[in-house]
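Residue-level structure breakdown
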Amino acid sequence: MKKIKLDIVGLSYSQTQSGAYALVLGEVNGRRRLPIIIGSFEAQAIAIEIEKMTPSRPLTHDLFKSFAQAYNIQIQEIIIYNLVDGIFYAKLICSDGKKTAEVDARTSDAIAMAVRFDCPIHTYEFILSTAGIVMEDNDLVYLENLAETPSDEKTSSGSSSSAAGYASISDDELKNLLQAALSEEAYEKAAKIRDELNKRKAS
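Figured I'd write up the structure that's included with this text. (Residues numbered from 1 in each chain as written. Predicted model: local features only at pLDDT ≥ 70, side-chain atom pairs only at ≥ 80, totals over all residues. Heavy atoms only, no water.)

Locating Lys-99 in the fold gives a position in the loop between strand 5 (87-95) and strand 6 (100-105). Owing to a relative accessible area of 59%, Lys-99 belongs among the exposed residues under this scheme. Each C-alpha atom of the pair Lys-99 and Ile-73 lies 9.6 Å from the other, and the pair is 26 residues apart in sequence. (Helix = DSSP H or I, 4+ residues; strand = E, 2+ residues; numbered from the N terminus. Buried < 20%, exposed > 50% of the residue type's maximum accessible area, 1.4 Å probe, protein only.)

In structure tokens form, the structure reads like this:
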């Protein structure tokens, strides 16, 4: 089966589903987008690595990476290989240079590892045909615009609150708050502050 390469093109909070986030993967050299609902911890783990934030102590995904590298294990690729009853299934393709193994994982955890190992993300045509959304332009997909978006697991936990309270704070103050949040390991708060800073840069 031919594999299709994906990139991360969006990660946003849900305005409608408490504790839910939308991870949006995009077809490389294509217009299809694959939105996946993920939990708050996994969303933070992905965002922290993408933004190159440095937590005061290693997150679970950082620990896994350090453990794997200590034994010369590399993740070669991530494959989102199935979609059953609205649930995505993924696996890590790992190698120590001599032996290759496939490790089953939730899609959100797999993506969190992909950004840490800088490895490619792939899926198959039948998954994009079933759950993909065709974009007419380069706009990002946000969870608020999606209905019946598939998930990477049956339930997700966590809480989401509005970042509107940061609107009146200066950029310098936000940067200080961001560093404080990272020091306190308040990663959800850090992600909200980061999103506010990114919104200001884009405007």
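Read on, since the account is not over.
With that settled, consider empty space enclosed by the protein. Tallied over the entire structure, the rule returns 1 cavity of 30 Å³ or more. Size it by volume and the largest cavity reaches roughly 50 Å³. Around the largest cavity, the lining residues are Leu-11, Ser-12, Tyr-13, Tyr-21, Ala-43, Gln-44, Ala-47, Ala-191, Arg-194 and Asp-195. Residue composition of the lining of the largest cavity, by class: 6 nonpolar, 2 polar and 2 charged. (1 Å grid on protein atoms, 1.4 Å probe; cavity = no way out; pocket = protein on both sides within 12 Å on 5 of 7 lines; lining within 4 Å. Points joined across faces, edges and corners; volume = space filled by probe spheres on them. Nonpolar A, V, L, I, M, F, W, Y, C, P; charged D, E, K, R; others polar.)

Taken as a whole and judged by the stated rule, the model has 9 salt bridges. Its salt-bridge partner being Lys-91, residue Glu-102 comes within 3.2 Å of it at the nearest N-O pair. On the criterion of sequence distance, the pair formed by Glu-102 in strand 6 and Lys-91 in strand 5 is long-range, its members being 11 residues apart. As a salt-bridge pair, Asp-109 and Arg-106 come within 3.0 Å of each other at their nearest N and O atoms. Exposure remark for Arg-106: the relative accessible area of 28% places this residue in the partly exposed category. Salt bridges sharing common partners tie together Glu-27, Arg-32 and Glu-125. (Salt bridge = Lys/Arg side-chain N within 4 Å of Asp/Glu carboxyl O.)

These results come straight from atomic positions and should not be treated as a statement about function.
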